[in-house]
Protein chains: 2
Amino acid sequence: MSNIRHALNVKREDDFAKWYQEVISAADLAEESGVRGCMVIKPWGYGIWERVQRLMDDRIKAAGIANAYFPLFIPLANFEREADHVDGFAKEMAVVTHHRLIADGKGGLIPDPEAKLEEPLVVRPTSETIIGDAMARWIQSWRDLPLMLNQWANVVRWEMRTRMFLRTSEFLWQEGHTAHATREEALEETHRALEMYRACVEEDLAMPVIAGEKPENERFPGADETWSIEAMMQDGKALQAGTSHYLGTSFASAAGIHYQDKEGQQQLCHTTSWGTSTRLIGGVVMTHGDDDGLRVPPRIAPHQIIILPMLRDKPEDEAVLAYCEEVRKSLAGVSALGEPVRVLLDKTPGKAAAKRWNWVKKGAPIIVEVGTRDMENGKVAVLRRDALWNMDNGKPAMAFTARDEFVGGVAALLEDIQAGLFNEARERRDAKITRGMTDWHDVVNSFRKGGKYPGWVEVQWAKPSGAELEAVVEKLKAEKLTFRNVPRDPLGDGTPDDGVCIFSGKPAVERILIARAY
Amino acid sequence: MSNIRHALNVKREDDFAKWYQEVISAADLAEESGVRGCMVIKPWGYGIWERVQRLMDDRIKAAGIANAYFPLFIPLANFEREADHVDGFAKEMAVVTHHRLIADGKGGLIPDPEAKLEEPLVVRPTSETIIGDAMARWIQSWRDLPLMLNQWANVVRWEMRTRMFLRTSEFLWQEGHTAHATREEALEETHRALEMYRACVEEDLAMPVIAGEKPENERFPGADETWSIEAMMQDGKALQAGTSHYLGTSFASAAGIHYQDKEGQQQLCHTTSWGTSTRLIGGVVMTHGDDDGLRVPPRIAPHQIIILPMLRDKPEDEAVLAYCEEVRKSLAGVSALGEPVRVLLDKTPGKAAAKRWNWVKKGAPIIVEVGTRDMENGKVAVLRRDALWNMDNGKPAMAFTARDEFVGGVAALLEDIQAGLFNEARERRDAKITRGMTDWHDVVNSFRKGGKYPGWVEVQWAKPSGAELEAVVEKLKAEKLTFRNVPRDPLGDGTPDDGVCIFSGKPAVERILIARAY
């Protein structure tokens, strides 16, 4: 490997936001579409999303939950009924008012005034209400419960300030919606979904998260309980990576979801909803990216191994290509991380060094280069994306390995990369969580003076609610801080260390995480 | 199995259209959503679509084509530029004009007049133009070619008269879009996609199709060539099940898709596009449904084998359930049709007979019933959905089979069902294609008097174009007939039997299919 390094123009520590944009572009994940707030997800970015989808969907199906598909358009009446939703997040929405275009007589097109809809339609910001309508039709008796549905779909929330993957007007997501006979069963499903998210995001995306319950002020509108998984990005900010809500009977009441119990009595269902989105891809970038580009964890890499023939427009090229093809074939039977390995032999035209850096920036876990000499020696040159540089001398770290040795060891190598990315992220995160502060001014100062990457602070509190909570939230807002969640694992036997709420001095009942957030 | 038959209310031969609606509902595939022209695809229907998607997507990826995702919204300017598209099909479209809802002061919501978009946005009826924009950005040199993209997405075409799966305002589809350096390469891709569709629809959906080229009047607007696969439904009508277009350089010219060739000259790309949609599910219903409901070919069945314990609220139930669980486990290692078999042990509450008929109507390929006696004898009762009734005596055809024998033979059974459904449909179709007519009045009369299922007629013609073709098309329209396609296999050495065009008496150059169509 040539010693010339084609690093990004922007380093993480210099301008994290600008670095993020550069990775998205350099790794060929996505780009602006020209349509306000909407992005084009390019093949490498969409390939990562397809992997996330597949792995999440397997987990969803394993839980006995079926996918279904509901309409893109939602009648206004559904939003009028769900006043809570409208207050909460749904005012900025794309509204369809016409069903035809006609020529304007000046070479352009306009909505046909004759084709105005009697009732405008809203492009779904979530399918909560329309799935609620279906549940009300489909559920009659206790025999129909639980009803557990999931949908993979695009949704639209008109956003004024957008940022690729993190906040776009249109995004892709999955939304689970379930109805149960009892509070206990619904809570169990709420927690199962959260645990499914934790497992998928940690095991597949290699993103360590903290699972916990959101405080009252951060609850989904109308929810009795909202739980989340929170990931720490490399700049120390939090990214909410998935949420799971227990909606009690309030949503069932609004949508009319009843069942007849075994005694013949009409009862309201207890419902849940839970979702994750393409935002996770933004999280992968901000967790695993480095100053050379993206690093994709093997489980979600569309291709895990790239074979790069070093061609020189010479007669030997044919033999090199044939050798590469043999390497590809010998990898075809290999499984790693529970699946057949995904290998690409990159025969596209172009200079080998440019192609190598292209894959480095995209973050393919393993790049295998093959030149004439490697072929003659029965070797391959192996580059691990997670260890590009030799830390001792700053030179490229490329291992010249016997071909069979490489094939035999590639499963362990991929597993090592997957585990390594997770551990690296977890150690970084753990080092940036400060615990034990008992004075609010210390918290404020740590964020004000703590450099560019202050991380998170975990404090003890008395779990105030209502006006008392609002006052505390205002304090946080003034410092651009937010509550993330109350980690699921309570303190030992549930008794805080010293029993004092950092805000009120009252006896503390739990710990809560505070952070800046995306 | 109880002898009581719970057939559908409507038989195919009495009212095919009504029968179709009843199957959709009885098989729990989909239902009206309450939103004009949009349907809810229920879990069993969506599960079939997911299988179709997976099998088609595997074929798309195997051809080296990557998935990507483009915005839901398309600026008006794209349609103004593509006048051909607008003339062709795209006038009836959902138009977004506002990005916010506000209260109307009367308890309702209205689009906020303050939040009117400067330029309305169209909900994509196809992504042709927005993908064209991306191709124009992404392609610079011959090194960037071929560029081959596919998208799985929802699209909207405002339809006045809708029919579930066959014509709905919103539907799900895949659209392939490719750009090439030469006409030859683009034509090769056009034909590859068509052959991929033929293989997937015949091998996976068990729907026999005829692949061929559309005549000039049926071409996609702007296309140089349009190819299709055509399937015959049980009422003899044709369903266009997939199309593949060679767009020449006209689309590249409109969208500005150029490349620099090896000599440094700017050249226009040759492009293709090809698509299939949820319409295929309608085709599966009308091809394989019978008077008892749907029959799903094993390859696309979400569950291929349903294990039904015959529970009686008695102490033996537990042993029956345990036995069923053992049967399920012994099937877990079995592969059929190239994949692990998909088995569901249906433990939901309800009477066994009702549950059985539920699965018969849904069309699960194999239903396995287990009662106390079966368990004691080490047997299972096997019901093949494709042979529900004993043809000799009209009684239910259920095979009591030793459990190990069933498990050992289930792969062959599923393969037999898959092949049987295809052969049945092909024989029915072939018997309904009339060839050799040389007088147009015979064709007209065969459709007028040919009973309810006239089928297709294949005639020879001189391949007229322009005004001459229009006159012929008018003749067909008067009889509610359409040209389907010119089958890909020409007549032997390319010489028609008697060399006379049925319309003009001129020397014939090819054969073309005529049919009523969906």
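None of these values were measured; they are calculated from a predicted model.

Engineer: I tried to follow the interface of chain B and chain A on my own but got confused; where do I start?
Structural biologist: Interface extent is often summarised as the accessible area lost during association of the parts. Contact with chain B, which involves 62 residues of that partner, is made by 62 residues of chain A. Contact with chain A buries surface across chain B, with Tyr69, Leu101 and Leu109 of chain B losing the most and accounting together for 13% of the total. Notably, a salt bridge pairs Glu31 of chain B with Arg137 of chain A, separated by 2.5 Å at the nearest N-O pair. At the surface where chain B touches chain A, the tally comes to 34 residue pairs in polar contact (both at pLDDT 80 or more). The leading source of residues in the side of chain B that touches chain A is helix H2 (residues 43-62) of chain B, at six residues. Here the side of chain B that touches chain A is composed, by residue class, of 39 nonpolar, eight polar and 15 charged. With three bridges joining them, strand S5 (residues 95-98) of chain A and strand S5 (residues 95-98) of chain B adopt antiparallel strand pairing. For Val95 of chain A, the partnering residue across the bridge sits in S5 of chain B and is His98 of chain B.

Engineer: So what exactly am I meant to see when it comes to the domain arrangement of chain A here?
Structural biologist: Residue and element names in this part refer to chain A. As assigned here, chain A comprises domain 1 (16-288), domain 2 (298-423) and domain 3 (433-515). Once you take the C-alpha centre of each, domain 1 and domain 2 turn out to be 38 Å apart. If you look at the interface, domain 1 gives 18 residues, while domain 2 gives 14 residues. Taking both sides of the interface into account, the surface hidden between domain 1 and domain 2 amounts to around 1,500 Å²; carbon and sulfur atoms contribute 66%. Between domain 1 and domain 2 we count two salt bridges in total. Here Asp204 makes a salt bridge to Arg299, at a shortest N to O gap of 3.5 Å. The tally of links between domain 1 and domain 2 comes to seven residue pairs in polar contact (both at pLDDT 80 or more).

Engineer: Explain helix H8 (residues 279-288) of chain B here, please?
Structural biologist: The α-helix winds at 3.6 residues per turn, so residues separated by three or four positions along the chain end up facing the same way. In terms of burial, H8 of chain B is largely enclosed, as ten of its ten residues are buried. Burial in H8 of chain B covers these residues: Arg279, Leu280, Ile281, Gly282, Gly283, Val284, Val285, Met286, Thr287 and His288 of chain B.

Engineer: Help me understand the packing of aromatic side chains in this model?
Structural biologist: Between two aromatic rings, the relevant description is the distance of the centres plus the angle of the planes. If you walk through the whole model with that rule in mind, you get 22 aromatic pairs over all chains. Ring centres 6.3 Å apart and planes at 45° place the aromatic pair Phe73 of chain A and Trp158 of chain B in the tilted group. With Phe73 of chain A in strand S4 (residues 73-75) and Trp158 of chain B in the loop between strand S9 (147-156) and strand S10 (170-180), the pair connects residues from two separate chains. On the basis of an interplanar angle of 50° and a centroid distance of 4.8 Å, the ring pair of Trp461 of chain A and Phe483 of chain A is categorised as tilted. Taken as a pair, Trp461 of chain A in strand S25 (residues 456-461) and Phe483 of chain A in strand S26 (residues 482-483) lie far apart in primary sequence, 22 residues in all. Taken individually, Trp461 of chain A and Phe483 of chain A each receive the classification buried, so the pair is uniform in this respect. An aromatic cluster is defined as three or more aromatic residues linked by ring pairs; in this entry it consists of Trp440, Trp461, Phe483 and Phe503 of chain A.

Engineer: Looking at this model, I keep getting lost on the confidence of the model for chain A. Mind explaining?
Structural biologist: Interpreting fine coordinate detail is not advised for predicted regions of low pLDDT. Residue and element names in this part refer to chain A. Looking at chain A as a whole, the pLDDT averages 92, with 94% of positions reaching at least 70. Note that pLDDT drops below 50 for residues 490-494; the model gives that stretch five contacts with residues more than four away or on any other chain. Scored by ipTM, the complex comes to 0.95, with pTM at 0.96.

Engineer: Teacher, can you tell me more about the nonpolar core here?
Structural biologist: In terms of nonpolar packing, the biggest core is built from 84 residues, with Phe73 and Val123 of chain A together with Phe73 and Val123 of chain B touching the most fellow members. Setting aside residues up to four positions removed in sequence, Val123 of chain A forms contacts with Leu72, Phe73, Ala94, Val96 and Val156 of chain A together with Leu72, Phe73 and Val96 of chain B.

Engineer: What is the right way to look at the relation of the copies chain B and chain A in this model?
Structural biologist: The second copy of the chain is related to the first by a rotation about an axis and a shift along the axis. Mapping chain B onto chain A calls for a rotation angle of 180° and an axial translation of 0.0 Å; the resulting RMSD is 0.0 Å. Accordingly, the operation relating the two chain copies is best matched by a two-fold axis. Residues of chain B ranked by C-alpha distance from the rotation axis are headed by Val96 of chain B, positioned 2.1 Å from it. Both copies contact each other with a shared surface, as 100% of the interface residues of chain B are interface residues in chain A too.

Engineer: Just checking my understanding: could you explain the side chain of Thr126 of chain A for this structure?
Structural biologist: Residue and element names in this part refer to chain A. Tracing the sequence through the fold places Thr126 in the loop between strand S8 (116-123) and helix H5 (128-138). Looking at Thr126, its side chain comes within polar contact range of the main-chain nitrogen of Glu128, at 3.1 Å. There is a polar contact of 3.4 Å between the side chain of Thr126 and the side chain of Glu175.

Engineer: I keep staring at empty space enclosed by the protein and nothing clicks. Help me out?
Structural biologist: Over the atoms a probe the size of a water molecule is rolled, and this reveals where empty space is left. With the rule as written, the count across this model stands at six cavities of 30 Å³ or more. Empty space within the largest cavity amounts to approximately 60 Å³. Tyr69 of chain A together with Cys38, Met39, Ile41, Glu170, Phe171, Leu172 and Thr278 of chain B together form the lining of the largest cavity. Looking at the lining of the largest cavity, the elements with two or more residues in it are strand S2 (39-41) and S10 of chain B.

Engineer: Even after reading the chapter, I still don't get the packing of helix H9 (residues 317-331) of chain A against helix H12 (residues 403-431) of chain A, so can you show me in this structure?
Structural biologist: The geometry of a pair of packed helices is captured by two quantities: the angle between their axes and the separation between those axes. All names here are of chain A. Between H9 and H12, whose axes approach to 10 Å, the crossing angle comes to 30°. One element, H9, and the other, H12, form an angle in the roughly parallel class. Handedness of the crossing formed by H9 with H12: right-handed. For the pair formed by H9 and H12, the contact residues are Tyr323, Glu326, Val327, Ser330 and Leu331 on the first element and Arg403, Phe406, Val407 and Val410 on the second. When its residues are assigned to classes, the contact of H9 with H12 shows six nonpolar, one polar and two charged.

Engineer: What's the story with unusual backbone geometry in this structure? I'm lost.
Structural biologist: Negative phi characterises most residues that are not glycine, and trans characterises most peptide bonds. Of note, the amide linkage connecting Leu145 of chain A to Pro146 of chain A takes the cis form, showing an omega dihedral of -5°. Structurally, the position occupied by Pro146 of chain A is in the loop between H5 and strand S9 (147-156). One non-glycine residue, Asp28 of chain B, lies in the positive phi region at around 60°. As for its placement among the helices and strands, Asp28 of chain B is situated in the loop between helix H1 (16-26) and strand S1 (30-32). Judged by its relative accessible area of 28%, Asp28 of chain B falls in the partly exposed class.

About the thresholds
Residues numbered from 1 in each chain as written. Chains lettered and ligands numbered in written order. Predicted model: local features only at pLDDT ≥ 70, side-chain atom pairs only at ≥ 80, totals over all residues. Heavy atoms only, no water. Contact = heavy atoms within 4.5 Å. Buried area = accessible area lost by both parts, 1.4 Å probe. Salt bridge = Lys/Arg side-chain N within 4 Å of Asp/Glu carboxyl O. Polar contact = N/O pair within 3.5 Å; in protein donor to acceptor, adjacent residues only side chain to side chain. Helix = DSSP H or I, 4+ residues; strand = E, 2+ residues; numbered from the N terminus. Nonpolar A, V, L, I, M, F, W, Y, C, P; charged D, E, K, R; others polar. Pairing = 2+ DSSP bridges. Domains from an automatic or database assignment. Buried < 20%, exposed > 50% of the residue type's maximum accessible area, 1.4 Å probe, protein only. Phe/Tyr/Trp six-rings, centres within 6.5 Å; stacked < 30°, edge-to-face > 60°. pLDDT = per-residue confidence, 0-100. Core = buried A, V, L, I, M, F, W, Y, C linked by side-chain atoms within 4.5 Å. Least-squares fit on C-alpha atoms with pLDDT ≥ 70 in both. 1 Å grid on protein atoms, 1.4 Å probe; cavity = no way out; pocket = protein on both sides within 12 Å on 5 of 7 lines; lining within 4 Å. Points joined across faces, edges and corners; volume = space filled by probe spheres on them. Axes fitted to C-alpha atoms, helices over the stretch in contact; angles between N-to-C directions. Parallel < 35°, antiparallel > 145°, perpendicular 65-115°, else oblique. Left-handed = near helix turned anticlockwise from the far one by under 90°.

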